[in-house]
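# Analysis of the macromolecular model
Residues per chain, in single letters:
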Amino acid sequence: MVSGTRGPSADRRERRSGGALRVLGAVAAVAGLVMLASSAWITAVFGSITTQQLLDVVEGRTQLDGGGPGLLVSFLLVCLLAPVLAVAGAVGAAVALRGRARVEPPVESPHRRRGALLAPSAGVLVLVLGAGLLLDRVQFWPYLEAARFDGSVAEYYVAGQTLPASVERPATNLIMIYLESFEQAYESPEIMGEDLLGPLTDATQGWMRWDALQQHPGTGWTIAGIVASQCGIPLKNEALDSGSVDKNALGEAEERFLPGAVCLGDVLEHHGYRSVFLGGADSRFAGKGKFLEQHGYDEVLDRREWQRRGESDFNPWGLSDHRLLQNARLELAALRGQDQPYNLTLLTVDSHDPGLVGPACEQGDDGPARAAVRCTADEVAGFLTDIERDGVLDDTAVVVMGDHLAMVGATSELADELRDAPRGVFHRATTPLDVEPVPGPIDHFSILPTTLELLGLPVPGGRLGLGRSAVAPAEGRPPASVDAPPSLYALPPEQRRLVLEAPSSAFYARLWNPEGAVAGSGR
């Protein structure tokens with residue numbers, strides 16, 4: 001063979017290796033574009049999410065279809081179909097060009113070899129760029145930092161099992177209203193240009209409020225906000241994937257929602273309360289119904305029940321807030337007719353982004369998000385005004401709060417107003433008992449002990465779960481246990497964040513599957 005020439009076998013080997021590189025490049029490009037598109041989609045729809053929320057979706061614990069088909073369809077189109085079609089189009093064009101080139105004699109050239117590496121290199125570059133942007137968008141680096149942190153929420157947790165026995169005194173009833181994505185900023189004319197919550201502000205005039213209800217890690221979506229405010233802990237699921245849970249008990253653990261935790265409904269059940277939940281959405285979404293039913297709630301009324309009852313005013317998430325509050329009036333009347341203290345809990349849906357405006361809401365010139373917030377505030381204000389007129393507040397404590405901060409995506413209607421605004425979850429509380437608010441900020445974890453003291457139920461030292469009560473009962477409270485753990489709130493803010501984001505796997509293993517957790521497995 002003449003030096004400098006190539007045989008047929010060498011050409012075949014080069015073609016095979018080149019083909020393999022091109023396939024790998026295409027796969028890398030698809031994966032990279034999926035991550036780039038996902039990052040852009042998250043930014044547009046949510047602003048940002050946490051790594052834990054992403055893991056919950058990937059592992060099937062939370063679904064994208066809870067808000068109707070629109071969200072899931074947009075994800076499939078933007079994040080999966082578009083990247084695949086883009087790469088397929090590029091590959092098709094390259095194949096067509098190579099087909100034309102084959103009619104010409106092959107030319108041995110270093111440029112040809114470098115050209116063969118161009119497509120795979122571009123695919124890897126897209127993959128690296130997509131991965132970097134997606135990891136940043138889901139706040140992976142703080143998550144990784146916390147995962148390596150040698151600390152646990154167990155060190156600061158006060159178990160509900162230590163609550164005293166029931167007291168002999170007239171019970172105070174409870175009405176708890178979670179407002180979807182309601183923020184403190186909505187009542188600020190300086191931020192929003194007007195008080196979007198005007199009637200609600202008036203209806204709760206003179207009620208207790210604090211500097212801010214801060215949102216900590218593990219509390220920033222609906223089921224997490226409910227769990228954090230009723231159980232005093234951030235919602236985490238890592239224990240199901242850790243070695244501290246018997247994998248054979250995994251199915252059983254998933255059938256139960258934090259069976260090792262003592263939450264608000266459990267305490268109220270212990271004190272003889274009947275607890276009823278009314279929500280517009282399907283309670284199966286994110287395990288909300290399972291949580292409530294397994295933690296002291298006697299009845300959970302959701303989208304399926306409203307459909308069975310013949311309701312027709314539904315939006316993609318569920319029953320409209322207008323009809324939900326109408327049904328709440330009926331349920332409250334039934335509860336007050338029973339010889340038993342009660343807890344009536346409501347969860348609205350209309351103010352979920354992008355704003356769900358029903359026929360009872362006059363939108364006017366407002367966008368749907370602004371109109372939905374205003375109309376839900378009007379509906380809740382009307383409900384509160386009615387129960388005050390009817391004397392319900394004489395024997396009932398009321399807590400009104402957002403479930404979490406609004407998820408402000410780049411395309412959200414209220415993005416400009418909220419992006420640089422002071423953020424705090426909306427909150428108000430009132431009670432017929434003699435208690436005073438403790439000045440300062442509060443958080444989701446504070447709601448559990450605070451609510452119990454609003455009802456006059458004893459909370460030793462004012463601490464339960466990770467939270468501390470934000471009120472001071474005039475009659476005092478039982479002292480804290482001598483072996484009570486240190487307070488989470490004594491930590492500097494950054495260390496507190498690390499503790500809350502740390503996996504705390506052994507602790508959550510005991511909460512998710514107390515029978516299967518390895519004894520003595522630590523924090």
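Remember, predicted model here, so these are calculated numbers, not experimental data.

## Quick word on the overall build of the chain
Along the chain, the regular secondary structure elements total 18 helices and 12 strands. Each of the 523 residues in the chain was classed as buried or not, and the buried ones make up 52%. Expressed as a percentage of contacts within the chain between residues at least 6 apart in sequence, the contacts between residues at least 24 apart total 76%. With an accessible surface of roughly 23600 Å², the chain has 58% of that area assigned to carbon and sulfur atoms.

## Remarks on the side chain of Asp-282
Its place among the elements puts Asp-282 in the loop between β3 (274-279) and α11 (288-293). A distance of 3.5 Å separates a polar atom in the side chain of Asp-282 from a polar atom in the side chain of Arg-304. Setting aside residues up to four positions removed in sequence, Asp-282 forms contacts with Lys-288, Asp-302, Arg-303, Arg-304 and Trp-317.

## Considering the state of the cysteines
For the coordinates displayed, the defined rule picks out 2 disulfides. There is a disulfide in this structure between Cys-231 and Cys-263, and the S-S distance comes to 2.0 Å. Judged by the sign of its S-S torsion, about 100°, the cystine formed by Cys-231 and Cys-263 is right-handed. One end of the pair, Cys-231, is in helix α8 (residues 222-231); the other, Cys-263, is in the loop between α9 (250-255) and α10 (264-270), with 32 residues separating them in the sequence. Cys-231 sits in the buried class, given a relative accessible area of 1%. A relative accessible area of 0% places Cys-263 in the buried class.

## Points about the pattern of salt bridges
Applying the stated criterion across every chain, the model contains 23 salt bridges. Asp-282 is paired through a salt bridge with Arg-304; the nearest N and O atoms lie 3.5 Å apart. Placement of Asp-282 in the loop between β3 and α11 and of Arg-304 in helix α12 (residues 303-308) is noted, with a sequence separation of 22 residues between them. A residue is classified by how much of its surface remains accessible, and Arg-304, at 28% relative accessible area, is partly exposed. Here the salt bridges share partners, and the residues they tie into one network are Glu-194, Asp-366, Arg-370, Arg-374 and Glu-417.

## So, the pairing of strand β6 (residues 396-402)
Most of β6 sits out of view: 7 of its 7 residues are buried. Residues Thr-396, Val-398, Val-400 and Gly-402 of β6 are buried on one face, and the alternating residues Ala-397, Val-399 and Met-401, pointing to the opposite face, are buried as well. Relative to β6, strand β1 (residues 173-179) runs parallel, the two sharing 7 bridges. Note on β6: the bridge partner recorded for Leu-174 is Ala-397.

## What about unusual backbone geometry?
Put simply, Asp-353 and Pro-354 share a cis peptide bond, and its omega is 15°. For Pro-354, the location among the structural elements is in the loop between β5 (342-347) and α14 (368-389). Look at Ala-286: it is not a glycine, yet its phi comes out positive at around 60°. Note that Ala-286 resides in the loop between β3 and α11. Of note in the backbone geometry, Ser-504 takes a positive phi value of approximately 50° without being a glycine. With respect to the helices, strands and loops of the structure, Ser-504 is situated in the loop between α17 (493-501) and α18 (505-512).

## So, the pairing of strand β7 (residues 427-430)
On β7, burial covers both faces: His-427 and Ala-429 on one face and Arg-428 and Thr-430 on the other are all buried. Pairing geometry for β6 and β7, over 4 bridges, is antiparallel. Each residue of the ladder has a partner; that of Met-401, found in β7, is His-427.

## Brief notes about the confidence of the model for the chain
For the chain, the mean per-residue pLDDT works out to 84, and 80% of the residues sit at or above 70. A low-confidence stretch, residues 239-253 stays under pLDDT 50, and its non-local contacts, those more than four residues away or across chains, total 30 contacts.

## So, α14
In an α-helix, one turn spans 3.6 residues, which is why side chains three or four residues apart end up on the same side. Taking 1.5 Å of rise per residue, 22 residues should cover 32 Å, and α14 covers 31 Å from first to last C-alpha, within 8% of that figure. Within α14, 16 of the 22 residues are buried, which leaves the element mostly enclosed by the surrounding structure. In the segment just after α14, Gly-391 is the residue with positive phi, at about 80°.

Conventions we followed
- Along every chain, residues carry numbers that run from 1 in the direction the sequence is written.
- The predicted origin of the model limits local features to residues at a pLDDT of at least 70 and limits the giving and counting of side-chain atom pairs to 80 or more, whereas totals for whole chains, interfaces and linings rest on all residues.
- Only hydrogens and water are set aside when side-chain values are computed; all heavy atoms of the structure are taken into account.
- Each helix corresponds to a stretch of at least 4 residues labelled H or I by DSSP, and each strand to a stretch of at least 2 residues labelled E; elements are numbered beginning at the N terminus.
- Only protein chains enter the accessibility calculation, which uses a 1.4 Å probe; a residue whose area is less than 20% of its type maximum is buried, one above 50% is exposed, and one in between is partly exposed.
- Contacts are assigned to residue pairs with any non-hydrogen atoms lying within 4.5 Å of each other.
- Values of accessible area rely on a 1.4 Å probe in the Shrake-Rupley scheme; residue burial ignores everything except the protein chains shown.
- Under the rule applied, a polar contact is a pair of N or O atoms within 3.5 Å (in protein, one hydrogen donor and one hydrogen acceptor; residues adjacent in sequence only if both atoms are side-chain atoms).
- The disulfide definition used here is simple: a pair of cysteine sulfur atoms within 2.5 Å.
- One speaks of a salt bridge when a side-chain nitrogen belonging to Lys or Arg is within 4 Å of a carboxyl oxygen belonging to Asp or Glu.
- At least two bridges found by DSSP between two strands is the condition for calling them paired.
- Residue-level confidence of the predictor is summarised by pLDDT, bounded by 0 at the bottom and 100 at the top.
- Multiply 1.5 Å by the residue count of a helix minus one, and that product is the helix's expected span.

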